[in-house]
Amino acid sequence: MYDCSTVIKLLHPYLDRELDVKESVRIQTHLRECPYCREMFSAEQVFQDLVRQNVAPPPAPEFARRCVTAALSRESRRPRLQRLRGRPARIAAGAGAVAAAAALVIVLVGVFTTAVPGLVTLAVAQHRAYLDHPDSLEVTGGDVAVVAARLEERLHFKLRLPAEPVADLRLIGGRVVEDGDRRAAHLVYRLGDRQTVSLLMTPPQEVRVSGRNAIAFKNILFNPADIAGYQTLQWSDRRHTYVLVSSEPGAVYQACVICHGSGQSRDAIAGFTSGT
Amino acid sequence: MLEFFGREEPRKTEFEELTLPYLDSLYGFALVLTGNSDDAHDLVQDAYLRAYRFYHRYQPITHYKAWLFTLTKNLFINRYHQRAREVSLTSLEIDDDAPYESPRDLLVAASGRHEKGLFRQDFDWAMAAMPEKLRLAVLLKDVEGFDYKEIAEIMGCPLGTVMSRLSRGRQLLKKSLKDYWVGAPPLRPAEHARTERV
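Just so we're clear, the structure is a prediction, and the values are computed from it rather than from any experiment.

About the cut-offs
Residues numbered from 1 in each chain as written. Chains lettered and ligands numbered in written order. Predicted model: local features only at pLDDT ≥ 70, side-chain atom pairs only at ≥ 80, totals over all residues. Helix = DSSP H or I, 4+ residues; strand = E, 2+ residues; numbered from the N terminus. Buried ≥ 20, exposed ≤ 12 C-beta atoms within 10 Å, placed from the backbone. Contact = placed C-beta atoms within 7 Å. Core = buried A, V, L, I, M, F, W, Y, C linked by C-beta atoms within 7 Å. Pairing = 2+ DSSP bridges. pLDDT = per-residue confidence, 0-100.

This paragraph deals with the overall build of chain B. For chain B, the helix and strand inventory stands at 11 helices and zero strands. Reading the secondary structure of chain B in the N-to-C direction produces α-α-α-α-α-α-α-α-α-α-α. Burial statistics for chain B: of 198 residues in total, 32% are counted as buried. Of the contacts formed within chain B by residues at least 6 apart in sequence, a portion of 67% connects residues at least 24 apart.

The secondary structure content of chain A amounts to 11 helices and eight strands. Taken across its 276 residues, chain A has 31% of its residues classed as buried. Here the analysis covers contacts within chain A between residues at least 6 apart in sequence; of these, 57% occur between residues at least 24 apart.

It is worth spelling out the environment of Ser136(A) at this point. Looking at where Ser136(A) falls in the secondary structure, it is placed in the loop between helix H8 (118-132) and strand S1 (139-140). Separated by 38 residues in the primary sequence, Ser136(A) and Gly174(A) place their C-alpha atoms 8.9 Å from one another.

What follows concerns the nonpolar core. Leu26(B), Ala30(B) and Val44(B) are the most contacted members of the largest nonpolar core, which totals 47 residues. By residue number, the principal contributor to this core is helix H10 (residues 159-181) of chain B, which donates seven residues. Formed by 36 residues, the second largest nonpolar core is a distinct cluster that contains Leu151(A), Leu199(A), Tyr230(A) and Tyr253(A).

The next point concerns the pairing of strand S2 (residues 169-179) of chain A. Residues and elements named next belong to chain A. Relative to S2, S1 runs antiparallel, the two sharing two bridges. The partner of Thr140 across the bridge, within S2, is Gly173. Between S2 and the antiparallel strand that follows it, strand S3 (residues 182-191), lie two residues; Gly180 among them carries a positive phi value of about 65 degrees.

Another aspect to go through is the pairing of strand S7 (residues 230-236) of chain A. Residue and element names in this part refer to chain A. Where burial is concerned, most of S7 is hidden: six out of the seven residues are buried. Pairing of strand S6 (residues 220-227) with S7 involves five bridges; the strand directions are antiparallel. Counterpart to Ile227 in the pairing with S7 is Tyr230. Following S6, the chain reverses through two residues before pairing antiparallel with S7; Ala228 in that reversal takes a positive phi of roughly 50 degrees. In this sheet, strand S8 (residues 241-246) lies alongside S7 in antiparallel orientation, the contact comprising six bridges. When the bridges of S8 are listed, Gln234 appears paired with Val243. Here S7 hands over to S8 after four residues, the two strands then running antiparallel side by side.

Take the confidence of the model for chain A next. All names here are of chain A. For chain A, the average pLDDT comes to 75, and 71% of its residues sit at 70 or higher. Confidence drops under a pLDDT of 50 for residues 82-94, and excluding neighbours within four residues, the segment shows 27 contacts in the predicted structure. Segment residues 104-115 is flagged for pLDDT under 50; beyond a separation of four residues in sequence, or across chains, it makes 23 contacts in the model.

Okay, here's the thing in structure tokens:
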């Protein structure tokens, strides 16, 4: 049997129907025998009904409703992978190239499932656009500082490129990619004699992935994927979200030396590159 | 291939049917979170966009309303987390051990206001005067009808905190309304003593 003070403590959960049957029955038993608590409970019930009827916020302004539906319409007209279409097509030289790029997009779109984040598909499209049109880079040259400075002029974020030279990896150049209102840096590297590796960098962003193949390493989640025959690796740290693209899985992992070129930082990735 | 693009429209219609009925509620919620209509507008719009983008990922569809509220709250914390932290520091604490105040006197004091149609504005005033977290608890429970567990998820706090905020929120609401209705300025003991004899 509950006493009055216990019953008062459970007043709100009881009226909110949050108590289990046993507790509710105990309260009801007490209420049957205690006019003081009974009156209290019914007054509280009346008050809560008043609150319910009187504190509802006013409806959203019609303008807000219109903005939401308009934004949803824009978003639905811009399918998840549509961002692939814009830039590569514009930089392509002739109508044939435009058609080819469009065809590529449609092929990619057909192959992709919703599990592939837009950023990764964007990176693949940029990589292919570069392979088709190597002259599309805005800045060329192996001087990291120069390339970074030129790209930063048009980026909305600071580009942190490691400056350490790596023997078998050369920076070819880069360009700024526009993706809606956001901008990304696309950097192209040559690995050895003939492998080309793309690195897409954006400010850190949330990238949802299926997670099935994700590799957790040093507190970072790396997401490898195979997209239309291209190998990708996507991850984020405090500074950027990155996507590496190459036609060979090995090249993608070797490209980790872009950032971990020598010494300690090479040791830092030893377990990662050898284990995959 | 056309199928891919064509699939978008019915998907959007379905999404709108499921979520737009909650626009008013979400807007009210955003208004309490942000404290002004401009930010509330932006927050709601972003929440809907984000919800739409993640819509196809949301497999176990049990409660769209709670999902939308949680998403809005998380978006708010990410975007305005600096300010959210400031808000949490201003929360006015009420002693948990304060004696329970019966609403009987309040209901007596309220008589008359109802006929004059003044209830609504009285409640608006009293709600606006409450600390954000207590106001949110009352809003989510008494207006939106979420259960304690859902409120805990939305507010990102333990169940016990929900119960405590809800009880403190209702107590404070009662007290403000009573002080207001009996015409006693709060925090003046002499006046308060007089009203208790009423």
